[in-house]
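Here is how the chains run, residue by residue.
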Amino acid sequence: MPLKFELLQADDYSRYLLRGRTDILFNLRGLIQKRAMLSAFIDASADSFLTAIVALSADDNQLVLDAASDETINRRVEAAEQLICVTQLDRIKIQFAARGIQRIQHEGHDAFRVQVPEVMLRLQRREYFRLTAPSAHSLTCLIPITIGGEHREISVEASVLDISGGGISITIPSEGMVVEPDMEFGNCRLMLPETGAIVTSLRVRNLFRITNRDGSITLRAGCEFTHLSSAMASTIQRYILKVERERNARERIR
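Residues numbered from 1 in each chain as written. Predicted model: local features only at pLDDT ≥ 70, side-chain atom pairs only at ≥ 80, totals over all residues. Heavy atoms only, no water.

1. Topic: the confidence of the model for the chain
Heads up, the rule is: What pLDDT expresses is the predictor's confidence in each residue, scored from 0 to 100. We count a stretch as a helix when DSSP gives it H or I for four or more residues in a row; a strand needs E for two or more, and each element gets its number in order from the N terminus. By the convention used here, residues are in contact when the closest approach between their heavy atoms is within 4.5 Å.
Averaged over every residue, the pLDDT of the chain is 84; the share at 70 or more is 83%. For the chain, strand 11 (residues 130-132) is the element with the lowest average pLDDT, namely 53, and strand 5 (residues 62-66) is the one with the highest, namely 97. This model gives residues 125-129 a pLDDT under 50, and the stretch forms 12 contacts once residues within four places in sequence are excluded.

Next up, the structure:
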């Protein structure tokens, strides 16, 4: 089941948010055609159920969603103000809020009728090939920050979730680090195994909140490399290619 994946802030919202009705309907029809499963989160909670869009009204104003198999969940949905629906279409993450919830019968089955969303979050694939950091390597990045009142610099260790030639995504530590879009952190040290430290500046491009399956919250920041030397960039690309070759080799053996 996909995790709840919310865009909190970004330096350019237009990259991620669709507001045009034509674009939103195009993506919704794609979800119907692909029979994509959606995780529908009830209001602001971490409680969710699996559903799918089974129909679009003739006037394109309403969607019909499958009901849950659990009647207790269905009663909660009836009383909810909104569902946060999360899914993927052709490896692109899609999220929207479904409001105006009404319980109906659709082709003899329980279902929910909701309004077509006015805004849709669509996280497109990146310009660069992006590698999910292998758990065996446990990539980390040391980020220097200044403690306000003390004017003392410390290094905060952030876990790297994925990496590309253009940047990294990191998990924001729960304490000791304030992050906002467009902030830049200089002299960061990306620790690559068998290579050593890659020295670069990081500019925060976007900030996401992920609600995990157990209800815990993780903050994730997408950062781009700035002031990265060509030698360091080549080292990162070699690392990505090496890990991907190793991963492909393991899959061929299975």
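On we go.
2. With respect to the side chain of Arg205
What counts here: To sort residues, take the accessible area from a 1.4 Å probe on protein chains only and compare it with the maximum for the residue type: under 20% means buried, over 50% means exposed, and anything in between is partly exposed. Nitrogen and oxygen atoms within 3.5 Å of one another constitute a polar contact, given that in protein one can donate a hydrogen and the other can accept it, and given that sequence-neighbouring residues count only through two side-chain atoms.
Position of Arg205 among the secondary structure elements: in strand 16 (residues 196-211). Judged by relative accessible area, which is 14%, Arg205 ranks as buried. Among the polar contacts listed, one links the side chain of Arg205 to the side chain of Glu224, at a separation of 3.1 Å.

3. Concerning unusual backbone geometry
Unlike most non-glycine residues, Asp182 shows phi in positive territory, near 80 degrees. Tracing the backbone through its elements, the reader meets Asp182 in the loop between strand 14 (167-171) and strand 15 (184-192). For Asp182, a relative accessible area of 45% gives the class partly exposed. The phi angle at His227 is positive, at roughly 55 degrees, despite the residue not being glycine. Looking at where His227 falls in the secondary structure, it is placed in the loop between strand 17 (217-226) and helix 3 (230-253). Assessed through its relative accessible area of 66%, His227 is described here as exposed.

4. Regarding the pattern of salt bridges
To be explicit about the condition: The salt bridge criterion pairs a side-chain nitrogen of Lys or Arg with a carboxyl oxygen of Asp or Glu, the two atoms within 4 Å.
In the structure shown here, the tally under the stated rule is 10 salt bridges. Put simply, Asp110 and Arg103 hold a salt bridge, and the shortest N to O gap is 3.2 Å. Judged by its relative accessible area of 26%, Arg103 falls in the partly exposed class. Here Asp182 ties to Arg203 by a salt bridge, and the two come within 2.3 Å at their closest N and O atoms. Of the two residues, Asp182 is situated in the loop between strand 14 and strand 15 and Arg203 in strand 16; the sequence distance between them amounts to 21 residues. Through salt bridges with shared partners, a single network forms among Glu71, Arg75, Glu78, Arg103 and Asp110.

5. Quick word on the sheet that holds strand 6 (residues 82-89)
Quick reminder of the rule: Should DSSP find at least two bridges between two strands, the strands are taken to pair. All axes here are fitted lines through C-alpha atoms, helices being fitted over the stretch that makes contact, and every angle between N-to-C directions spans 0 to 180 degrees.
Taken in spatial order, the nine strands make up an open sheet running 2-10-7-6-3-4-5-9-8, and their pairing is antiparallel. The open sheet has two edge strands with one neighbour each: strand 2 (17-18) and strand 8 (102-106). Bridging between strand 7 (residues 92-99) and strand 10 (residues 120-123) involves three bridges; their strand directions are antiparallel. Across the sheet, Lys93 pairs through a bridge with Leu123, a residue of strand 10. The strands that helix 1 (residues 21-33) touches are strand 2, strand 4 (48-56), strand 5, strand 6, strand 7 and strand 10; relative to strand 4, the one it contacts most, it runs at about 105 degrees. Here helix 2 (residues 71-79) sits on the sheet and contacts strand 3 (37-42), strand 4, strand 6, strand 8 and strand 9 (109-115); the angle it forms with strand 8, its principal contact strand, is near 125 degrees.

6. A word on the environment of Thr200
Inspection of the secondary structure puts Thr200 in strand 16. Looking at Thr200, the relative accessible area reads 3%, which means it is buried. Distance from Thr200 to Phe185, taken between C-alpha atoms, is 8.8 Å for residues 15 residues apart in sequence. Excluding residues within four positions of it along the chain, Thr200 makes contact with Phe185, Gly186, Asn187, Cys188, Phe225, Thr226 and Leu228. Within the structure, the side chain of Thr200 is placed 3.2 Å from the backbone oxygen of Thr226, a separation counted as a polar contact.

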